[in-house]
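Analysis of the macromolecular model
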Amino acid sequence: MFRRPFRRTEEHALGIDIKSAKDIQAMRASCRVAAETLLLVGQKLRVGVTTDDINTWVHDNTIQQGARPSPLHYKGFPKSVCTSVNDVVCHGIPGPELLRDGDIINVDITTFFQGFHGDTSATFYVGMPGPAARHVTETARKALDIGIAEVREGAHLGDVGAAIQEYVEKRGCSVVRDFVGHGIGRKFHEPPQVKHYGKRGSAERLKAGMIFTIEPMVNMGRYEVKLDARDKWTVRTADGTLSAQFEHTVLVTKTGFEVLTQRAQPLRASENIASLFIG
(Lines give C-alpha, C1' and ligand atoms only; values in the text may rest on other atoms or scores of the structure.)
Protein backbone atom coordinates (compact mmCIF):
# COMPACT_ATOMS: atom_id res chain seq x y z
CA MET A 1 0.00 0.00 0.00
CA PHE A 2 1.63 3.19 -1.15
CA ARG A 3 0.94 6.87 -0.88
CA ARG A 4 0.67 8.18 -4.42
CA PRO A 5 -1.37 5.36 -6.01
CA PHE A 6 -3.66 5.16 -3.02
CA ARG A 7 -4.89 8.72 -2.59
CA ARG A 8 -8.62 8.50 -3.18
CA THR A 9 -8.64 11.81 -5.07
CA GLU A 10 -6.52 10.40 -7.90
CA GLU A 11 -8.18 9.16 -11.09
CA HIS A 12 -7.19 6.01 -12.94
CA ALA A 13 -6.82 6.45 -16.68
CA LEU A 14 -6.93 2.74 -17.51
CA GLY A 15 -9.77 0.23 -17.32
CA ILE A 16 -10.09 -2.72 -14.98
CA ASP A 17 -8.14 -5.80 -16.06
CA ILE A 18 -10.01 -9.11 -16.15
CA LYS A 19 -7.42 -11.80 -15.52
CA SER A 20 -7.15 -14.90 -17.72
CA ALA A 21 -6.93 -18.42 -16.29
CA LYS A 22 -3.15 -18.31 -16.91
CA ASP A 23 -2.85 -14.96 -15.13
CA ILE A 24 -4.85 -16.27 -12.17
CA GLN A 25 -2.53 -19.26 -11.79
CA ALA A 26 0.47 -16.91 -11.78
CA MET A 27 -1.24 -14.67 -9.22
CA ARG A 28 -1.85 -17.66 -6.97
CA ALA A 29 1.88 -18.41 -7.05
CA SER A 30 2.94 -14.84 -6.25
CA CYS A 31 0.37 -14.51 -3.48
CA ARG A 32 1.55 -17.81 -1.99
CA VAL A 33 5.09 -16.41 -1.74
CA ALA A 34 3.82 -13.29 0.05
CA ALA A 35 1.74 -15.38 2.47
CA GLU A 36 4.70 -17.63 3.30
CA THR A 37 6.89 -14.62 4.06
CA LEU A 38 4.24 -13.15 6.37
CA LEU A 39 4.09 -16.47 8.24
CA LEU A 40 7.85 -16.30 8.73
CA VAL A 41 7.58 -12.81 10.24
CA GLY A 42 5.07 -14.09 12.80
CA GLN A 43 7.38 -16.92 13.77
CA LYS A 44 10.34 -14.59 14.40
CA LEU A 45 8.62 -11.54 15.90
CA ARG A 46 9.62 -10.83 19.51
CA VAL A 47 9.94 -7.99 21.99
CA GLY A 48 13.29 -6.28 21.35
CA VAL A 49 13.63 -6.87 17.60
CA THR A 50 13.84 -3.82 15.36
CA THR A 51 11.70 -2.98 12.37
CA ASP A 52 14.91 -3.20 10.33
CA ASP A 53 15.22 -6.83 11.49
CA ILE A 54 11.79 -7.42 9.97
CA ASN A 55 12.94 -5.80 6.74
CA THR A 56 15.90 -8.17 6.60
CA TRP A 57 13.71 -11.23 7.21
CA VAL A 58 11.26 -10.18 4.51
CA HIS A 59 13.92 -9.25 1.97
CA ASP A 60 16.00 -12.40 2.44
CA ASN A 61 13.02 -14.79 2.50
CA THR A 62 11.50 -13.21 -0.61
CA ILE A 63 14.77 -13.56 -2.52
CA GLN A 64 15.20 -17.14 -1.31
CA GLN A 65 11.81 -17.99 -2.81
CA GLY A 66 12.92 -16.68 -6.20
CA ALA A 67 10.89 -13.47 -5.97
CA ARG A 68 11.70 -9.84 -5.26
CA PRO A 69 10.15 -7.35 -2.80
CA SER A 70 7.80 -5.05 -4.73
CA PRO A 71 8.14 -2.06 -2.34
CA LEU A 72 11.94 -1.73 -2.68
CA HIS A 73 12.62 1.52 -4.62
CA TYR A 74 8.95 1.80 -5.62
CA LYS A 75 8.31 5.55 -6.06
CA GLY A 76 11.48 6.01 -4.01
CA PHE A 77 10.47 3.84 -1.04
CA PRO A 78 13.79 2.79 0.55
CA LYS A 79 12.96 -0.60 2.07
CA SER A 80 11.51 -4.02 1.19
CA VAL A 81 8.47 -3.94 3.50
CA CYS A 82 6.25 -1.46 5.34
CA THR A 83 6.28 -1.72 9.15
CA SER A 84 3.63 0.42 10.85
CA VAL A 85 3.78 0.54 14.65
CA ASN A 86 0.99 1.72 17.00
CA ASP A 87 -0.31 5.08 15.67
CA VAL A 88 1.28 4.59 12.24
CA VAL A 89 -1.52 3.83 9.80
CA CYS A 90 0.59 2.77 6.82
CA HIS A 91 3.90 3.12 4.95
CA GLY A 92 6.09 2.96 8.03
CA ILE A 93 9.76 2.74 7.01
CA PRO A 94 11.82 0.03 8.76
CA GLY A 95 14.70 1.31 10.85
CA PRO A 96 16.34 1.01 14.30
CA GLU A 97 13.04 1.27 16.21
CA LEU A 98 12.83 -1.41 18.91
CA LEU A 99 9.54 -3.20 19.40
CA ARG A 100 8.30 -3.03 22.98
CA ASP A 101 5.96 -5.13 25.05
CA GLY A 102 2.40 -4.02 24.28
CA ASP A 103 3.09 -2.65 20.79
CA ILE A 104 1.06 -3.59 17.74
CA ILE A 105 2.68 -3.63 14.31
CA ASN A 106 1.30 -4.03 10.82
CA VAL A 107 3.67 -5.77 8.41
CA ASP A 108 2.70 -5.15 4.77
CA ILE A 109 4.33 -7.52 2.26
CA THR A 110 4.16 -7.43 -1.52
CA THR A 111 6.14 -9.83 -3.71
CA PHE A 112 6.85 -9.84 -7.45
CA PHE A 113 7.09 -13.41 -8.71
CA GLN A 114 7.01 -14.69 -12.29
CA GLY A 115 5.62 -11.45 -13.62
CA PHE A 116 2.88 -10.78 -11.03
CA HIS A 117 2.52 -9.05 -7.65
CA GLY A 118 0.95 -10.58 -4.53
CA ASP A 119 -0.01 -8.34 -1.60
CA THR A 120 -0.94 -9.14 2.01
CA SER A 121 -0.55 -7.70 5.50
CA ALA A 122 -1.44 -8.38 9.10
CA THR A 123 -1.22 -6.68 12.47
CA PHE A 124 0.80 -8.52 15.09
CA TYR A 125 0.81 -8.29 18.88
CA VAL A 126 4.20 -7.70 20.49
CA GLY A 127 4.15 -9.25 23.93
CA MET A 128 0.90 -8.60 25.82
CA PRO A 129 -1.22 -5.80 24.29
CA GLY A 130 -3.55 -3.57 26.27
CA PRO A 131 -7.34 -3.32 25.82
CA ALA A 132 -7.23 -0.54 23.20
CA ALA A 133 -4.67 -2.40 21.09
CA ARG A 134 -6.72 -5.56 21.27
CA HIS A 135 -9.94 -3.76 20.39
CA VAL A 136 -8.65 -1.95 17.30
CA THR A 137 -6.74 -4.99 16.04
CA GLU A 138 -9.61 -7.42 16.37
CA THR A 139 -11.98 -4.89 14.81
CA ALA A 140 -9.68 -4.57 11.79
CA ARG A 141 -9.29 -8.34 11.52
CA LYS A 142 -13.05 -8.93 11.48
CA ALA A 143 -13.63 -5.97 9.15
CA LEU A 144 -11.49 -7.62 6.49
CA ASP A 145 -13.46 -10.86 6.76
CA ILE A 146 -16.74 -8.96 6.53
CA GLY A 147 -15.57 -7.07 3.45
CA ILE A 148 -14.37 -10.22 1.68
CA ALA A 149 -17.72 -11.92 2.34
CA GLU A 150 -19.41 -9.28 0.15
CA VAL A 151 -17.37 -10.26 -2.93
CA ARG A 152 -19.30 -12.04 -5.68
CA GLU A 153 -19.94 -11.52 -9.36
CA GLY A 154 -22.64 -8.87 -9.82
CA ALA A 155 -22.07 -7.17 -6.46
CA HIS A 156 -20.62 -3.65 -6.25
CA LEU A 157 -17.40 -2.45 -4.68
CA GLY A 158 -19.57 -0.11 -2.64
CA ASP A 159 -21.08 -3.18 -0.95
CA VAL A 160 -17.61 -4.09 0.33
CA GLY A 161 -16.93 -0.61 1.67
CA ALA A 162 -20.35 -0.22 3.26
CA ALA A 163 -20.14 -3.54 5.09
CA ILE A 164 -16.72 -2.67 6.50
CA GLN A 165 -17.74 0.84 7.55
CA GLU A 166 -20.94 -0.37 9.23
CA TYR A 167 -19.08 -2.93 11.33
CA VAL A 168 -16.13 -0.71 12.26
CA GLU A 169 -18.27 2.22 13.34
CA LYS A 170 -20.54 -0.07 15.33
CA ARG A 171 -17.41 -1.04 17.27
CA GLY A 172 -16.66 2.62 18.04
CA CYS A 173 -13.71 2.86 15.64
CA SER A 174 -13.25 4.63 12.30
CA VAL A 175 -12.19 3.70 8.75
CA VAL A 176 -9.39 5.66 7.07
CA ARG A 177 -10.61 7.48 3.93
CA ASP A 178 -7.39 8.73 2.38
CA PHE A 179 -5.88 5.32 1.61
CA VAL A 180 -7.72 2.48 -0.09
CA GLY A 181 -7.29 -0.94 -1.69
CA HIS A 182 -6.46 -1.47 -5.35
CA GLY A 183 -6.41 -3.77 -8.31
CA ILE A 184 -3.23 -5.81 -8.67
CA GLY A 185 -1.56 -8.07 -11.20
CA ARG A 186 1.29 -7.36 -13.58
CA LYS A 187 1.34 -3.91 -12.00
CA PHE A 188 1.65 -3.27 -8.27
CA HIS A 189 -1.34 -0.93 -8.42
CA GLU A 190 -4.13 -1.14 -10.99
CA PRO A 191 -7.77 -0.06 -11.17
CA PRO A 192 -10.13 -0.26 -9.41
CA GLN A 193 -9.77 1.65 -6.17
CA VAL A 194 -11.32 -0.31 -3.30
CA LYS A 195 -12.73 2.02 -0.67
CA HIS A 196 -13.38 0.64 2.80
CA TYR A 197 -16.36 2.93 3.33
CA GLY A 198 -19.29 3.97 1.19
CA LYS A 199 -22.80 3.05 0.05
CA ARG A 200 -24.21 -0.25 -1.08
CA GLY A 201 -24.90 -0.47 -4.79
CA SER A 202 -22.27 2.14 -5.63
CA ALA A 203 -18.94 2.00 -7.50
CA GLU A 204 -17.86 -0.69 -9.96
CA ARG A 205 -19.82 -3.88 -10.49
CA LEU A 206 -17.73 -6.98 -9.79
CA LYS A 207 -16.94 -9.45 -12.57
CA ALA A 208 -15.28 -12.86 -12.40
CA GLY A 209 -11.57 -12.52 -13.08
CA MET A 210 -11.12 -9.22 -11.24
CA ILE A 211 -8.35 -9.27 -8.64
CA PHE A 212 -7.87 -6.60 -6.01
CA THR A 213 -6.79 -6.04 -2.44
CA ILE A 214 -9.11 -5.40 0.47
CA GLU A 215 -7.12 -3.78 3.28
CA PRO A 216 -9.14 -1.74 5.77
CA MET A 217 -7.14 0.63 7.93
CA VAL A 218 -9.00 1.02 11.23
CA ASN A 219 -8.31 3.77 13.75
CA MET A 220 -9.22 3.71 17.42
CA GLY A 221 -10.12 7.41 17.21
CA ARG A 222 -10.92 9.66 14.25
CA TYR A 223 -10.32 8.60 10.65
CA GLU A 224 -8.16 11.61 9.73
CA VAL A 225 -4.46 10.97 9.10
CA LYS A 226 -1.30 13.04 8.70
CA LEU A 227 1.82 12.53 6.59
CA ASP A 228 5.24 12.70 8.24
CA ALA A 229 6.86 15.92 7.00
CA ARG A 230 10.36 14.47 7.28
CA ASP A 231 10.27 11.19 5.37
CA LYS A 232 7.18 11.95 3.21
CA TRP A 233 6.00 8.36 3.59
CA THR A 234 4.94 7.53 7.14
CA VAL A 235 1.21 8.11 7.72
CA ARG A 236 -0.05 8.48 11.30
CA THR A 237 -3.42 8.98 12.92
CA ALA A 238 -4.08 12.70 13.26
CA ASP A 239 -5.18 12.31 16.89
CA GLY A 240 -2.37 9.95 17.95
CA THR A 241 -4.62 6.95 18.58
CA LEU A 242 -3.79 3.39 17.58
CA SER A 243 -4.37 1.99 14.10
CA ALA A 244 -4.52 -1.58 12.78
CA GLN A 245 -4.86 -3.20 9.37
CA PHE A 246 -5.26 -6.58 7.69
CA GLU A 247 -5.06 -7.24 3.97
CA HIS A 248 -5.70 -10.00 1.46
CA THR A 249 -5.55 -10.21 -2.32
CA VAL A 250 -8.94 -11.45 -3.53
CA LEU A 251 -10.16 -12.97 -6.81
CA VAL A 252 -13.78 -12.58 -7.92
CA THR A 253 -15.12 -15.94 -9.14
CA LYS A 254 -18.37 -17.07 -10.77
CA THR A 255 -19.51 -18.48 -7.43
CA GLY A 256 -18.08 -15.89 -5.04
CA PHE A 257 -14.44 -15.26 -4.20
CA GLU A 258 -11.04 -16.85 -3.66
CA VAL A 259 -8.56 -15.42 -1.15
CA LEU A 260 -5.29 -15.74 -3.05
CA THR A 261 -3.12 -14.82 -0.05
CA GLN A 262 -4.79 -17.32 2.28
CA ARG A 263 -2.19 -18.74 4.65
CA ALA A 264 -1.52 -22.42 5.25
CA GLN A 265 -1.57 -21.99 9.03
CA PRO A 266 -2.47 -19.37 11.65
CA LEU A 267 -0.15 -16.42 12.11
CA ARG A 268 1.90 -16.61 15.30
CA ALA A 269 1.54 -13.49 17.48
CA SER A 270 -1.68 -12.64 15.67
CA GLU A 271 -4.26 -15.26 14.66
CA ASN A 272 -3.16 -17.95 17.07
CA ILE A 273 -3.91 -15.74 20.08
CA ALA A 274 -6.72 -13.60 18.70
CA SER A 275 -9.51 -15.68 20.23
CA LEU A 276 -8.31 -14.71 23.71
CA PHE A 277 -8.94 -11.03 23.05
CA ILE A 278 -12.24 -10.83 21.17
CA GLY A 279 -14.93 -8.79 22.88
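If you're wondering where the values come from, they're calculated on a predicted model, not measured in any experiment. Here the residue numbers are simple positions, counted from 1 along each chain's written sequence. Local features in a predicted model are, by the rule used here, given only for residues with pLDDT of at least 70; side-chain atom pairs are given and counted only at 80 or more, and totals for whole chains, interfaces and linings are based on all residues. Computation of side-chain values covers all heavy atoms of the structure but excludes hydrogens and water.

This part takes up the nonpolar core. Within soluble globular proteins, side chains that are nonpolar tend to cluster in buried spots. Counting 48 residues, the largest nonpolar core has Leu45, Ile54, Ile105, Val107, Phe124, Phe212 and Ile214 as its most contacted members. Helix and strand labels come from DSSP, where a helix needs a run of H or I of at least four residues and a strand needs a run of E of at least two; each type is numbered from the N terminus. Of all the elements in the fold, those that place two or more residues in this core are α2 (21-44), α3 (51-64), β4 (104-113), β5 (116-125), α4 (131-149), α5 (157-170), β9 (211-214) and β14 (248-253). Here the element with the most residues in this core is α4; it accounts for six residues. Ignoring anything within four residues of it in the chain, the contact list for isoleucine 214 reads Leu144, Gly147, Ile148, Val151, Val160, Ile164, Val194, His196, Phe246, Glu247, His248 and Val250. Counting residues in each nonpolar core, the second largest holds nine residues, with Ala26, Cys31, Phe116 and Ile211 among its members. To qualify as a nonpolar core, a set must consist of buried Ala, Val, Leu, Ile, Met, Phe, Trp, Tyr and Cys residues joined through side-chain atoms within 4.5 Å. The classification of residues rests on relative accessible area computed with a 1.4 Å probe and restricted to protein chains. Under 20% of the type maximum is buried, over 50% is exposed, and intermediate values are partly exposed. Any two residues having at least one pair of non-hydrogen atoms within 4.5 Å are treated as being in contact.

Let us now look at the packing of α4 against α5. To get an axis, a line is fitted to the C-alpha atoms, and for a helix only the part in contact is used. The angle between two axes follows their N-to-C directions and goes from 0 to 180 degrees. Where α4 meets α5, the axes come as close as 9 Å, and the angle between the chain directions of the two elements is 150 degrees. Accordingly, the angle class assigned to the pair α4 and α5 is roughly antiparallel. The chirality of how α4 crosses α5 is right-handed. Judged by residue contacts, Glu138, Thr139, Lys142, Ala143, Ile146 and Gly147 of α4 engage Val160, Ala163, Ile164, Tyr167 and Val168 from α5. A class-by-class count of the residues in the contact of α4 with α5 yields seven nonpolar, two polar and two charged. With respect to orientation, any angle under 35 degrees is reported as roughly parallel, any angle over 145 as roughly antiparallel, any angle of 65 to 115 as roughly perpendicular, and every other angle as oblique. Each crossing is labelled by how the near helix is turned from the far one, with a counterclockwise turn of less than a right angle marking it left-handed and a clockwise turn marking it right-handed. Amino acids are sorted into nonpolar (Ala, Val, Leu, Ile, Met, Phe, Trp, Tyr, Cys and Pro), charged (Asp, Glu, Lys and Arg) and polar (every other residue, Gly among them).

These figures capture arrangement, not role.
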